[in-house]
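# Notes for the structure review
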Amino acid sequence: MGSEPATENRVIRRGFDVLVAGAGPAGLSAAVCAAEGGATVGIVDDNPSPGGQIWRGDSIKTDSINSSEAARWVGRLRAAGVQEFCGTRVFHQPEPGVLLAEGEESLFQLSYGKLIVATGARELFLPFPGWTLPNVMGAGGLQAMVKSGLPIAGKRVLVAGSGPLLLAVAAYLRQHGADILMICEQASWSSLARFGLALLPQAGKLSQGFVLRRQLSGIPFMAGWWPVEARGHGKLEEVVISQGRSQRTKTISCDFLACGFHLVPNTELAELLGCHVRNGFVQVDDFQQTSIPGVFCAGEPTGVGGLELALIEGQIAGFAAVRRSESARHLFGVRRKMRSFARALERTFSLRPELRSLPRPETIVCRCEDVTYSRLAQHGSWRASKLQTRCGMGPCQGRVCGPVTRFLFAWSPAPVRPPVFPARFENLSAVACKAEAEPSQVTGG
Ligand SMILES: Cc1cc2nc3c(=O)[nH]c(=O)nc-3n(C[C@H](O)[C@H](O)[C@H](O)COP(=O)(O)OP(=O)(O)OC[C@H]3O[C@@H](n4cnc5c(N)ncnc54)[C@H](O)[C@@H]3O)c2cc1C
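This section reports on the structure supplied with the text.

Basis of the calculations
- Per chain, residues are indexed from 1 in the order of the written sequence.
- In keeping with the model being predicted, local features are shown solely for residues with a pLDDT of at least 70 and side-chain atom pairs are shown and tallied solely at 80 or more, while totals for entire chains, interfaces and linings include all residues.
- Excluding hydrogens and water, the side-chain values take into account all heavy atoms of the structure.
- Think of each axis as a best-fit line through the C-alpha atoms, taken over the contacting stretch in the case of a helix, with angles from 0 to 180 degrees between the N-to-C directions.
- Working definition: helices are DSSP H or I runs of at least four residues, strands are E runs of at least two. Numbering for both runs from the N terminus.
- The cut-offs work like this: below 35 degrees is roughly parallel, past 145 is roughly antiparallel, 65 to 115 is roughly perpendicular, and the gaps in between are oblique.
- What makes two residues a contact is simply this: any of their non-hydrogen atoms within 4.5 Å.
- Any residue outside Ala, Val, Leu, Ile, Met, Phe, Trp, Tyr, Cys, Pro, Asp, Glu, Lys and Arg is labelled polar, Gly included; the first ten of those are nonpolar and the last four are charged.
- Here, proximity means that at least one heavy atom of the residue falls within 4 Å of the molecule or strand.
- Between N or O atoms, a polar contact is any pair within 3.5 Å; within protein, one atom must be a potential hydrogen donor and the other a potential acceptor, and residues adjacent in sequence are included only when both atoms are from side chains.
- The protein chains shown are the only cover counted for residues, whose accessible areas, like all others here, come from Shrake-Rupley with a 1.4 Å probe.
- Partly exposed describes any residue whose relative accessible area lies between the buried limit of under 20% and the exposed limit of over 50%, with all areas from a 1.4 Å probe on protein chains only and scaled to the type maximum.
- Every case where a carboxyl oxygen of Asp or Glu lies within 4 Å of a side-chain nitrogen of Lys or Arg is listed as a salt bridge.
- Criterion used throughout: strands pair if DSSP finds at least two bridges between them.

Contact geometry for helix H5 (residues 189–199) and helix H10 (residues 332–348): axes closest at 10 Å, N-to-C directions at 175°. Put simply, H5 runs roughly antiparallel to H10. Touching Ser191, Leu192, Phe195, Ala198 and Leu199 of H5 are Phe341, Ala344, Leu345 and Thr348, all from H10. Taken together, the residues of the contact of H5 with H10 break down into seven nonpolar, two polar and no charged.

Turning next to the site of the ligand. Taken together, 30 residues lie around the ligand, and Ala26, Asp45, Asp46, Val90 and Gln143 are the ones closest in. The separation between an oxygen atom of the ligand and a polar side-chain atom of Asp46 is 2.4 Å. Gln53 is positioned with one of its backbone polar atoms (N or O) 3.0 Å from an oxygen atom of the ligand. Contact with the protein chains removes 90% of the 990 Å² of surface that the ligand exposes when unbound. Among the secondary structure elements, those contributing two or more residues to the shell around the ligand are helix H1 (25–36), strand S4 (89–95), strand S7 (121–123), helix H3 (139–147), helix H4 (165–175) and helix H8 (306–321).

Our focus in this paragraph is the environment of Val169. If you trace the backbone, Val169 turns up in helix H4. Val169 sits in the buried class, given a relative accessible area of 0%. With 150 residues separating them along the chain, Val169 and Leu19 place their C-alpha atoms 31 Å apart. Discounting chain neighbours no more than four positions away, the residues touching Val169 are Ala139, Gly140 and Gln143.

Below, the discussion takes up the pattern of salt bridges. Opposite charge on two side chains allows them to pair when their charged atoms are near. What the rule picks out here adds up to 15 salt bridges. Between Lys205 and Glu308 there is a salt bridge; the shortest N-O distance is 2.6 Å. With Lys205 in helix H6 (residues 203–215) and Glu308 in helix H8, the pair connects residues that are 103 residues apart, well separated along the chain. The exposure class assigned to Lys205 is buried, which follows from its relative accessible area of 8%.

For the rest of this paragraph, the subject is the sheet that holds strand S13 (residues 238–243). The sheet built from three strands is open, its strands ordered S12-S13-S14 with antiparallel pairing. Edge strands, defined here as strands with exactly one partner in the open sheet, are strand S12 (226–231) and strand S14 (248–253). On average, adjacent strands in this sheet sit at an angle of 25° to one another, irrespective of strand direction. Here S12 runs beside S13; their pairing, made up of five bridges, is antiparallel. Within the sheet, the bridge partner assigned to Arg231 lies in S13 and is Glu238.

This is the structure in structure tokens:
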């Protein structure tokens with residue numbers, strides 16, 4: 001014991017039949033279905049409470065379970081005895097069957113028989129002049145800040161970018177007193193009309209659409225428009241929007257710009273485990289099993305398809321992980337229908353090529369390392385730009401600028417290496433000490 005690293009006392013070890021990474025709708029439903037089948041289950045999430053992006057914050061009253069769908073899943077999770085590790089982020093796989101996760105004060109070593117990766121998605125941001133000004137925020141990011149207490153009542157907010165998240169965020173901010181000036185969607189009216197037709201067979205989606213329409217009544221919706229510049233002295237004062245083809249522009253005075261260009265799946269953990277990823281999505285079989293036996297994936301990493309698809313995939317993965325194949329099979333039909341919605345989303349909100357010319361030479365693309373568009377444009381690949389400019393080497397580790405350079409320059413990201421998230425020095429050194437002691441058991445790095 002004398003040769004153990006000094007950090008060893010802080011390492012908390014736990015083992016589960018099934019471990020779930022991510023406690024959004026997909027992870028919650030997966031954990032519930034696995035635990036109700038009798039398995040010991042742990043669930044780990046970097047947010048302070050379960051719920052993921054959509055159910056973050058005020059929709060879950062964790063102590064007094066209310067009647068919302070979120071609270072029902074959390075209630076079942078607790079009734080089934082699932083062990084929760086919230087505020088805890090998975091950052092490394094030291095050996096197959098073991099994940100390391102960092103909490104506020106502890107390092108967790110979580111071992112498992114089966115793993116379900118349900119790490120969700122994040123927003124895609126595109127750089128344009130002024131996008132680094134204070135009060136220019138991600139649409140979901142602004143929503144999250146309001147959920148955490150940022151006062152928004154009476155503030156003038158322009159919502160812009162692409163995807164249905166813009167509508168959900170605009171509705172949420174309006175409910176909390178924001179003055180939503182307009183919503184600019186880069187997709188054209190004709191693609192949106194085709195999307196509407198694709199929704200006709202899906203009664204649930206249509207009725208959600210009508211509810212949103214009512215909540216957003218009176219707010220101008222501008223299809224085929226997008227932001228080209230944010231201006232202000234020290235913080236945002238106005239945004240220039242453009243209707244690209246006609247070259248028409250308008251300047252809108254506002255306090256906040258809530259801006260995001262649809263979602264990018266969080267595939268880094270799955271990639272670290274060696275799961276096969278194609279076109280940016282984790283590949284799974286009918287039972288949501290990845291190319292690595294015993295590792296399942298559910299929710300947005302397999303395709304961006306919204307809440308219902310995440311819940312269904314989570315349930316299938318949870319049942320499959322505890323070998324309840326028949327229960328999983330019952331859900332295949334619903335999933336097929338939901339996946340057609342995911343494909344329609346992908347077609348409708350694919351980004352138009354004009355958005356590639358948004359940045360000027362001096363526009364910062366990598367915000368962590370202050371790397372401008374013109375410096376990146378001198379290189380031919382993600383790897384070369386990383387070596388020469390430090391693009392992607394800051395705290396976001398390429399999570400923000402990686403997808404941007406993929407869109408702007410068609411660069412492929414480099415293979416994922418541990419740690420998948422920045423981790424505290426003492427926890428990284430604990431990993432390094434273990435690697436030294438047992439070199440054959442620790443993955444690359
Ligand atoms: C910023 C944002 C806001 C959104 N807001 C809305 C909304 O208001 N309305 C709406 O209809 N849809 C919203 N969506 C879309 C919604 O999240 C999806 O439709 C769906 O609910 C996804 O469920 P999921 O379980 O796949 O992922 P998520 O809900 O994203 O859950 C994944 C969870 O995994 C956690 N995680 C990821 N990596 C790690 C790790 N390494 N260690 C520990 N935990 C990890 C994440 O923090 C997250 O809590 C939003 C999406 C985003 C990105």
